[in-house]
Amino acid sequence: MTDPHMPAILALDQVLPTYAHIVQFDTLRYLLGAGIVFLLVNVVLARWLEGRKIRVKSPTATQMRREVFTSLRTVLVFSFFGTTIWALREIGLIDVYWEASERGWAYFAFNLVALIVLHDAWFYWTHRIIHDPRLFRRFHRTHHKSHNPSPWTAYSFDISEAAINAVYLPLVLIIMPSSPLAIFLFLWHMMFRNALGHCGYEIFPSLRSGRPAMDWMTSVTHHDLHHAQSGWNYGLYFTWWDRMMETEHPLYHEKFAQAVRKPLDGSAVGARRPGVA
Ligand SMILES: [Zn+2]
Ligand SMILES: [Zn+2]
């Protein structure tokens, strides 16, 4: 390990082993993250959650196989950028210090929250851009092949979209000193939120009024609507960008209330059966 305070010469013979190591970690993160959500929500608790299923139909096995394949391709791209982070640290451009407590736990909390909030902004705007008809086919078509998503859709991206997503981390780490623990938690949070957002069951808590209990967070219905009718709901973790930019689906709260089988604001929501599209 090089001294973080001294610029070091990049050890080229370490590049490939580092890449291989990151591929292992990221493959595990995807398979465990998407796998745990799939097993828990879509298999073990599926019956219990039946009353919160968003669509009538479930994703097919063929679709899920394709999603796993394209997501593992994404892992290779993510790992390339992970290796870039390692290389930038080796040459002293990134300050990834090794003790989370080194700058105090207040900074650690700020660090983690900032990584997530900035990633949400990055995702919203890049996501909106790649929905431009001139870019959609080249950048975002693979993800939207999953019209009815599953947890395995989480990283089902075109290579170009995977690169746009992954470049966020080295960029933000150049401007924000971060601890490996904050980065680790950020990555696992991203994985789980992504898998949950595609799981097809509204697992977020609701109020008696039929509204989301945490309306500032994107729910499963929020992102499910994006797959059902793209052109709305570009946000990843939070709803504030969609609300500020008026891109939230006008029927979002109605669809959420339908998904949790509650009347919206005390009024009847009509058919209380699943079915977003
Ligand atoms: Zn999209
Ligand atoms: Zn999606």
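Here the structure is a predicted model, which is why all the values come from computation and not from measurement.

**Brief notes about the overall build of the chain**
Per the secondary structure count, the chain includes 11 helices and zero strands. For the chain, the sequential pattern of α-helices and β-strands runs α-α-α-α-α-α-α-α-α-α-α. Taken over the C-alpha trace, the chain has a radius of gyration of 20 Å; the compact-globule value for 277 residues is 19 Å, and the two agree within 12%. With the principal axes as the frame, the chain shows a C-alpha extent of 65 × 40 × 40 Å. Excluding contacts between residues fewer than 6 apart, the proportion of contacts in the chain whose partners are at least 24 apart in sequence is 72%.

**Observations concerning helix α11 (residues 252–259)**
Owing to its 3.6 residues per turn, the α-helix aligns residues three or four sequence positions apart on the same side. By the criterion of burial, α11 is predominantly enclosed, with six of the eight residues buried. Where α11 is concerned, the buried positions are Y252, K255, F256, A257, Q258 and A259. For α11, the elements touching its buried residues are α9 (220–228). Directly after α11, the chain includes R261, whose backbone phi takes a positive value near 55°.

**Considering the environment of Y168**
Looking at the element boundaries, Y168 is found in helix α7 (residues 168–175). Given 18 C-beta atoms within 10 Å, Y168 falls into the partly exposed group. Apart from residues lying up to four places away in sequence, Y168 is in contact with H119 and W122.

**Things to note about the nonpolar core**
Within the largest apolar cluster, 39 residues are counted, with the highest numbers of intra-cluster contacts made by A195 and C199. For this core, the secondary-structure elements that each account for two or more residues are α1 (15–44), α2 (61–90), α3 (105–130), α6 (159–166), α7, α8 (180–197), α9 and α11. Apart from the residues lying within four places of it in its own chain, the contact partners of C199 are V37, V41, N42, P151 and V220. One finds Y124, Y234, L236 and W241 within the second-largest nonpolar core, a separate group that totals six residues.

**Concerning the environment of V23**
Looking at the secondary structure, you find V23 in helix α1. On the basis of neighbour count, V23 is assigned to the partly exposed category, with 18 C-beta atoms found within 10 Å. What V23 contacts, discounting residues up to four positions off in sequence, is V75, L76 and S79.

**A word on the confidence of the model for the chain**
Across the chain, the average pLDDT comes to 91, with 92% of residues at 70 or higher. This model gives residues 268–277 a pLDDT under 50, and the stretch forms 23 contacts once residues within four places in sequence are excluded.

**With respect to unusual backbone geometry**
We note that E246 has phi near 55°; this positive angle belongs to a residue other than glycine. As for its placement among the helices and strands, E246 is situated in the loop between α10 (240–244) and α11. Using a count of 8 C-beta atoms within 10 Å as the deciding quantity, one classes E246 as exposed. Residues other than glycine seldom take positive phi values, yet R261 does so here, at roughly 55°. Turning to its location among the elements, R261 is positioned in the segment after α11.

Here is what the cut-offs are and how they apply
- Residues numbered from 1 in each chain as written.
- Chains lettered and ligands numbered in written order.
- Predicted model: local features only at pLDDT ≥ 70, side-chain atom pairs only at ≥ 80, totals over all residues.
- Helix = DSSP H or I, 4+ residues; strand = E, 2+ residues; numbered from the N terminus.
- Rg over C-alpha atoms; globule rule 2.2 N^0.38 Å.
- Contact = placed C-beta atoms within 7 Å.
- Buried ≥ 20, exposed ≤ 12 C-beta atoms within 10 Å, placed from the backbone.
- Core = buried A, V, L, I, M, F, W, Y, C linked by C-beta atoms within 7 Å.
- pLDDT = per-residue confidence, 0-100.

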